[in-house]
Amino acid sequence: MGNEDWVTVASPGTDLEAALLKGLLEGAGIGVRTRPRGFKTLAGAFGGANLPGAVDLLVHPDDVYEAKLILRAEPDEPGALEPDP
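Rules used in this analysis
- Residues numbered from 1 in each chain as written.
- Predicted model: local features only at pLDDT ≥ 70, side-chain atom pairs only at ≥ 80, totals over all residues.
- Heavy atoms only, no water.
- Phe/Tyr/Trp six-rings, centres within 6.5 Å; stacked < 30°, edge-to-face > 60°.
- Lys NZ or Arg CZ within 6 Å of the ring centre and 35° of its normal.
- Helix = DSSP H or I, 4+ residues; strand = E, 2+ residues; numbered from the N terminus.
- Buried < 20%, exposed > 50% of the residue type's maximum accessible area, 1.4 Å probe, protein only.
- Contact = heavy atoms within 4.5 Å.
- Axes fitted to C-alpha atoms, helices over the stretch in contact; angles between N-to-C directions.
- Parallel < 35°, antiparallel > 145°, perpendicular 65-115°, else oblique.
- Left-handed = near helix turned anticlockwise from the far one by under 90°.
- Nonpolar A, V, L, I, M, F, W, Y, C, P; charged D, E, K, R; others polar.
- Pairing = 2+ DSSP bridges.

Chemist: Would you take a moment to explain the packing of aromatic side chains for this structure?
Modeler: Note on aromatic pairs: each is described by the distance of the centres and the angle between the planes. Tallying each qualifying case throughout the model produces zero aromatic pairs. Note that Arg33 overlies the ring of Trp6, its terminal NZ or CZ placed 4.0 Å from the centroid.

Here it is in structure tokens:
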């Protein structure tokens, strides 16, 4: 199954935010893929690389609901990030 079959659940603005959100989802047992996005740099000077931090986080379609719940949870809310029994 390629990335085109997976669903974007977040589009973080920085590498740090992407890494934190990816770790949060993976810690909950959700597989995460990244897909570069954003503006291209000058192809001749920089090889056409994407700008740093420009990625989408994608999850399998079966995990979209749970991933969105996790990403919307308030961290200081008791049990907000605890898995369902």
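Chemist: What exactly am I supposed to notice about the environment of Leu57 here?
Modeler: Following the sequence through the fold, Leu57 ends up in strand S3 (residues 55-59). Look at Leu57 and you get buried, because its relative accessible area is 0%. Separated by 45 residues in the primary sequence, Leu57 and Pro12 place their C-alpha atoms 7.8 Å from one another. Apart from the residues lying within four places of it in its own chain, the contact partners of Leu57 are Val7, Thr8, Val9, Ala10, Pro12, Ala18, Leu21, Lys22, Val32, Arg33 and Thr34.

Chemist: Sorry, what's going on with the packing of helix H1 (residues 15-27) against helix H3 (residues 64-72) here?
Modeler: A pair of packed helices is characterised by two quantities: the angle between their axes and the separation of those axes. Orientation of H1 relative to H3, taken along the N-to-C sense of each, is 125°, at an axis distance of 10 Å. In terms of axis orientation, H1 runs oblique to H3. At the point where H1 passes H3, the crossing takes the right-handed sense. Between H1 and H3, the residues in contact are Leu21, Leu24 and Leu25 and Ala67, Ile70 and Leu71, respectively. Classifying every residue of the contact of H1 with H3 by side-chain character gives six nonpolar, no polar and no charged.

Chemist: Any chance you could explain the sheet that holds strand S2 (residues 32-36) here in plain terms?
Modeler: Sheet strands associate in pairs through backbone hydrogen bonding, adopting either a parallel or an antiparallel arrangement. Overall, antiparallel pairing links the three strands, which are arranged S1-S3-S2 in an open sheet. Looking at strand neighbours, the two that pair on one side only are strand S1 (7-10) and S2, the edges of this open sheet. Averaged over all pairs of adjacent strands, the angle between their axes in this sheet comes to 45°, without regard to strand direction. Summarising the sheet, S1 and S3 pair through three bridges and their orientation is antiparallel. Residue pairing across strands places Thr8 opposite Leu58, the latter belonging to S3. Across the sheet, H1 touches S1, S2 and S3, and the angle it forms with S3 is around 5°. Contacting S1 and S3, H3 crosses the sheet at an angle of about 10° to S1.

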